[in-house]
Amino acid sequence: MKRLGSSISLLSGLAALMFFGLLPPLVEQSMNHVTGPQPARASARAAALHKTLQIADMHADTLMWRRDLLARGERGHVDVPRLADGNVALQILSSVTKTPKGQNYDANGADTDNITLLAIAQGQPMRTWHSLIERSLWHAEKLREFEARSHTKLRIVRSKADLARLLADRGSGKQVTGAMLSVEGLHDIEGKRLNLDRLYDAGFRMAGLAHFFDNEVAGSMHGLKKGGLTAFGVEIVRAMEAKGMVVDLAHSSHATVAQVLKMARRPVVSSHGGVQATCKVNRNLTDEEIKGVAATGGVVGIGYWEAAVCDTSPAGIVRAIAHVRDLVGIDHVGLGSDYDGAISARFDTSRLDAITQALIDARFSDADIAKVMGGNVFRVLANVLPD
């Protein structure tokens, strides 16, 4: 009996090791890929120009995974060493708190959740197991811990002053990377206005209204009803503008996009996605929606994965960028990778010089390249963020 008990304990220990130790990295490894032909080495001209740029990426889901952001990883797309290799000045990091089972681009309900099991398997605090707002607050806590351990290499941006100091320090040669917190769908506020204040106090300065399902704030492009803003959602958008939080239209239904564009008083963004003119996928923006984002002074962030651009080569990404430029002007397009968001990409963040090279090949001027690679995003943030 004693031997049986020892065997059961051993098997339980092995099962726990598999669940808590091996499963999370295996799950991530199966979802975040660098695949396909790798970009050729950048030319001397592209490499030299790339080193002068202040680069911003509007969307990565890295905080969802149990990975040390300060260590160079062997999986996924983003960490501080690779951000430094890619000369990224600011990475906006999203908090993913809920995804539906059988997730798809067409129609999803809100009655299931994949993230609960991930939260448990990754050993997150118990408060995050069944609370969406606590998951976001945990992501903010993780980022603050990374900042504290980074020896000034990572800096959280919460205000216009923070942003200006970051860019000035980088301009003077300091090796520092900025990070800003965003939300992947405001279902995490759980229908409570007070929770938006809690997110703001934790450092969140951008939020997508919806993700893969309709919520109490807004309809999703991938929801069942795909409706517009709720009355509560109108209140939340107004509150975000007043507080200095960027409104993100990514994943929102066409009805939600139309309502937000009509009521916006500050620049809005579509942080990550594509355009239907070059990749006709339902979540990508129509030309009229692109014009609406531009009319607010906002920016369309172009992603790097198949459903965003159809052609995931650097040249394919630049074709989408060029369409936005040709439609509304160079001031309204930027980068929104969706790195570490369960996507496959041709390159990780260390190889962003491949986009610089593709922009040169497409005969963008150096000044326009600087805007696409980050200048346009920094302009929006300087307009919206609190002092």
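Residues numbered from 1 in each chain as written. Predicted model: local features only at pLDDT ≥ 70, side-chain atom pairs only at ≥ 80, totals over all residues. Heavy atoms only, no water.

Student: Can you lay out the overall build of the protein for me, pointing to particular residues and giving the numbers?
Tutor: If you tally the helices and strands in the protein, you get 14 helices and 11 strands. For 387 residues, the compact-globule formula gives about 21 Å, and the C-alpha radius of gyration of the protein, at 20 Å, lands near that figure. Seen along its three principal axes, the alpha-carbon backbone of the protein occupies a region of about 75 × 50 × 40 Å. Residues counted as buried form 59% of the 387 residues belonging to the protein. The contacts of the protein with a sequence gap of at least 6 include a subset with a gap of at least 24, amounting to 72%. Element-wise, carbon and sulfur atoms account for 57% of the exposed surface of the protein, whose accessible area totals about 15300 Å². Charge-centre separation for the protein: the mean point of 45 positive side chains lies 3 Å from the mean point of 41 negative side chains. (Helix = DSSP H or I, 4+ residues; strand = E, 2+ residues; numbered from the N terminus. Rg over C-alpha atoms; globule rule 2.2 N^0.38 Å. Buried < 20%, exposed > 50% of the residue type's maximum accessible area, 1.4 Å probe, protein only. Contact = heavy atoms within 4.5 Å. Areas by Shrake-Rupley, 256 points an atom, 1.4 Å probe, with all protein chains shown as cover. Lys, Arg positive; Asp, Glu negative; His and termini not counted. Charge placed at Lys NZ, Arg CZ, Asp CG, Glu CD.)

Student: Please give an account of the packing of helix α12 (residues 314-328) against helix α13 (residues 353-361) that cites residues and values.
Tutor: Between α12 and α13, the least distance of the axes is 9 Å, while the angle of their chain directions is 60°. Judged by the sense of rotation from one axis to the other, the crossing of α12 with α13 is right-handed. Of the residues in α13, those touching α12 at P314, A315, V318 and I321 are A354, I355, A358 and L359. The class makeup of the residues in the contact of α12 with α13 is 8 nonpolar, no polar and no charged. (Axes fitted to C-alpha atoms, helices over the stretch in contact; angles between N-to-C directions. Left-handed = near helix turned anticlockwise from the far one by under 90°. Nonpolar A, V, L, I, M, F, W, Y, C, P; charged D, E, K, R; others polar.)

Student: Explain the packing of aromatic side chains to me, using residue names and the numbers behind them.
Tutor: The full count for this structure, using the stated rule, is 3 aromatic pairs. Look at Y105 and F212: their rings are 5.9 Å apart centre to centre, the planes differ by 35°, and that puts the pair in the tilted class. Placement of Y105 in the loop between β3 (88-95) and α4 (115-121) and of F212 in the loop between β6 (206-208) and α8 (231-243) is noted, with a sequence separation of 107 residues between them. For F212, a relative accessible area of 6% puts it in the buried group. Aromatic pair Y304 and Y339: ring centres 5.3 Å apart, planes at 75°, arrangement edge-to-face. One end of the pair, Y304, is in the loop between β9 (299-302) and α11 (306-309); the other, Y339, is in the loop between β10 (333-335) and β11 (344-345), with 35 residues separating them in the sequence. Neither Y304 nor Y339 differs from the other in exposure class; each is buried. Above the face of the Y200 ring, K243 is positioned so that its terminal group lies 4.4 Å from the ring centre. (Phe/Tyr/Trp six-rings, centres within 6.5 Å; stacked < 30°, edge-to-face > 60°. Lys NZ or Arg CZ within 6 Å of the ring centre and 35° of its normal.)

Student: Kindly report on the pattern of salt bridges, identifying the contributing residues and their values.
Tutor: Scanning the entire structure with this criterion turns up 24 salt bridges. The residue E145 makes a salt bridge to R149 at a minimum N-O spacing of 2.3 Å. Of this pair, E145 and R149 are both found in helix α5 (residues 132-149), 4 residues apart, which corresponds to roughly one turn of the helix. The exposure class of R149 is partly exposed, given its relative accessible area of 37%. (Salt bridge = Lys/Arg side-chain N within 4 Å of Asp/Glu carboxyl O.)

Student: A description of the pairing of strand β8 (residues 269-273) should follow, citing residues and the corresponding values.
Tutor: Among the 5 residues that make up β8, 5 are buried, leaving the element largely enclosed by the rest of the structure. Relative to β9, β8 is paired through 3 bridges, and the arrangement is parallel. From the neighbouring strand, G273 faces β9, where its bridge partner is I302. In this fold, the crossover linking β8 to β9 by way of helix α10 (residues 287-295) has right-handed handedness. (Pairing = 2+ DSSP bridges. Right-handed = clockwise from strand over helix to strand, strands pointing away.)

Student: Tell me what's going on with the environment of A362, and back it up with residues and numbers.
Tutor: Relative to the elements of secondary structure, A362 occurs in the loop between α13 and α14 (366-384). Owing to a relative accessible area of 36%, A362 belongs among the partly exposed residues under this scheme.

Student: Give a description of the packing of α13 against α14 that names residues and reports values.
Tutor: Axes are the key here: two packed helices are described by the angle between their axes and the distance separating the axes. At a minimum axis separation of 10 Å, α13 and α14 run at an interaxial angle of 145°. Read as a crossing pair, α13 and α14 show a hand that is right-handed. Contact with α13, carried on its side by I355, T356, L359 and I360, involves I369, V372 and M373 of α14 and no other residues of that element. Class assignment for the residues of the contact of α13 with α14 results in 6 nonpolar, 1 polar and no charged.

Student: Summarise unusual backbone geometry; cite the residues concerned and give the values.
Tutor: Even without a glycine there, the phi angle at N87 is positive, about 60°. Within the secondary structure, N87 is located in the loop between α3 (80-85) and β3. Given the relative accessible area of 16%, N87 is considered buried. The backbone of K226 sits at a positive phi, close to 55°, despite the residue not being glycine. Mapped onto the fold, K226 is located in the loop between β6 and α8.

Student: Describe the side chain of T99, and please don't skip the residues or the numbers.
Tutor: If you trace the backbone, T99 turns up in the loop between β3 and α4. By relative accessible area, which is 10% here, T99 ends up buried. Those residues in contact with T99, other than ones at most four positions away along the chain, are T112, D113, N114, I115 and H211.

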